[in-house]
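Residue strings, one per chain:
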Amino acid sequence: MKYYSLRMKSPEVGFKEACINGQAPDGGLYFPQYIPALTQDWLKKFRSLSKAELAFSIMRPYVENSMPAHELFRICEETFSFEFPLRQLRDGIYSLELYHGPTLSFKDVGARFMSRCLSWFSRGDHPPITVLVATSGDTGSAVANGFLNVDGVEVVILYPAGMVSKIQELQMTTLGKNVRAFEVKGTFDDCQRMVKEAFSDEELKKNLYLTSANSINVARWLPQQVYYFFALQQWSAECPPVFSVPSGNFGNICSGLLAFKSGMPSSHFIAACNSNKVFTEFMKSGIYSPIKSVSTISNAMDVGNPSNFSRVMELFGKSHGDMKKVISSYSVNDHQTEETLWEVYRKDGYLLDPHGAVACRALMNYQEKHPGEPGIILETAHPVKFGEIIETITEEAVRIPSSVKPLLELQKQTEVIAPLYNELKNRLSRNELKY
Ligand SMILES: *Cc1c(COP(=O)(O)O)cnc(C)c1O
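Residues numbered from 1 in each chain as written. Predicted model: local features only at pLDDT ≥ 70, side-chain atom pairs only at ≥ 80, totals over all residues. Heavy atoms only, no water.

Moving on, we get to the overall build of the chain. Along the chain, the regular secondary structure elements total 20 helices and 13 strands. Here the C-alpha atoms of the chain give a radius of gyration of 21 Å, agreeing with the 22 Å that 2.2 N^0.38 yields for 435 residues. Counting only C-alpha atoms and orienting by the principal axes, one finds that the chain spans roughly 60 × 50 × 45 Å. Looking at the 435 residues of the chain, the share that counts as buried comes to 58%. Long-range pairs, those at least 24 residues apart, make up 74% of the contacts in the chain with a sequence separation of at least 6. (Helix = DSSP H or I, 4+ residues; strand = E, 2+ residues; numbered from the N terminus. Rg over C-alpha atoms; globule rule 2.2 N^0.38 Å. Buried < 20%, exposed > 50% of the residue type's maximum accessible area, 1.4 Å probe, protein only. Contact = heavy atoms within 4.5 Å.)

The next thing to look at is the pattern of salt bridges. Counted by the stated rule, this structure contains 24 salt bridges. Here Glu 78 and Arg 116 are joined by a salt bridge, their closest N and O atoms 2.7 Å apart. With Glu 78 in helix 4 (residues 69–79) and Arg 116 in helix 5 (residues 107–121), this residue pair connects regions lying 38 residues apart in the sequence. Note that Arg 180 and Glu 415 form a salt bridge whose closest N and O atoms lie 3.0 Å from each other. With Arg 180 in strand 7 (residues 179–184) and Glu 415 in strand 13 (residues 415–417), this pair connects stretches of sequence that are 235 residues apart. A relative accessible area of 21% places Glu 415 in the partly exposed class. Through salt bridges with shared partners, a single network forms among Glu 71, Arg 74, Glu 78 and Arg 116. (Salt bridge = Lys/Arg side-chain N within 4 Å of Asp/Glu carboxyl O.)

With that out of the way, let us pick up the pairing of strand 11 (residues 327–331). Of all 5 residues in strand 11, 4 are buried; the element is thus mostly enclosed. With 5 bridges connecting them, strand 10 (residues 268–273) and strand 11 associate as parallel partners. When the sheet's bridge partners are listed, Ala 272 is paired in strand 11 with Tyr 330. (Pairing = 2+ DSSP bridges.)

In structure tokens, the structure reads:
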């Protein structure tokens, strides 16, 4: 499998280069040259496959001969080593819980898969790799955890001081070893700008082999297809489900759409957005106009210019009309998110996190117009990660899972820096002496 840049100005590369480069040199996103088609035969038997077998058969054509089959199988086993239960909330609404991984978010899947690929590709005498990420919470913890103890890789995380939840912060700042956390006295946008400056700093890159681990990397994007099939393995209704996906940078929904294009049964997709509604507006008008993001209680979706938008377009041959047949989009504001979270908790006894609540409300909106179409919401984070917000809505404490309790005893270890690129650069350059 070759990958081309959506800006068409870079050479095609294999899976290995796409994984190491992240983005193509022309600034475009990598996209697979063709979409492998699932056979009728496979669709008949996939329900009986184990998680690793299923993941392997989906990923194999994308990875092809850039690594031996047994290595890919091992990576699939290690990545999908936790549960993905489908739970019924009420008649016609199910929740696919993607939050049973080590950092309690769906991002564990992409981060674990990518870290293991990168580790395999950089074995031997490859220079040490520095993975640099800016995060508003979930990405940092998933990436840090995914890369913990991976030989030859150091992880550097930048997050805005005081703007992530307590559990998110502890997950990023208590690992030590090859993970460094910078607490930036600024906003998420400051963190992102500093990371961008580092990537364009040729002097820094002479001494450091920098790579990013954000959601545009194909090794994070592609494996997310797999849990859509886990949902179908647990699906017993006759008609295929509608998938409602809480969307920010659109990596998650874009992987579902890719699976759909390869033949996965599903009846519709819902791009559930919070008040950051560029995509919802685009679905209405056909005009895409990025905006500055606004902050909401589902903050992992506070994105004004979704980075995977160009991939979604490519999947539909840039046809707005074709997209409308498959995708609907709803924007859900904070008030409606709180209302839905409260109502589902009271009536159905099911606790959603704010991101799942956005997806749930969007599905309910869709079902008003399409009664009798059952749907699945992708629950992308464990409610405990957003405990502070949820407690103000339900007026009850969120039960803390036993796996989280030891974390709460730990002290964070961070390097506090001003939101200035030079502060980051100085520290990264000094760090280089370690090697
Ligand atoms: C990252 C994230 C999202 C958004 O996912 P995208 O792939 O960027 O669309 C949704 N919910 C949670 C909890 C997240 O961490």
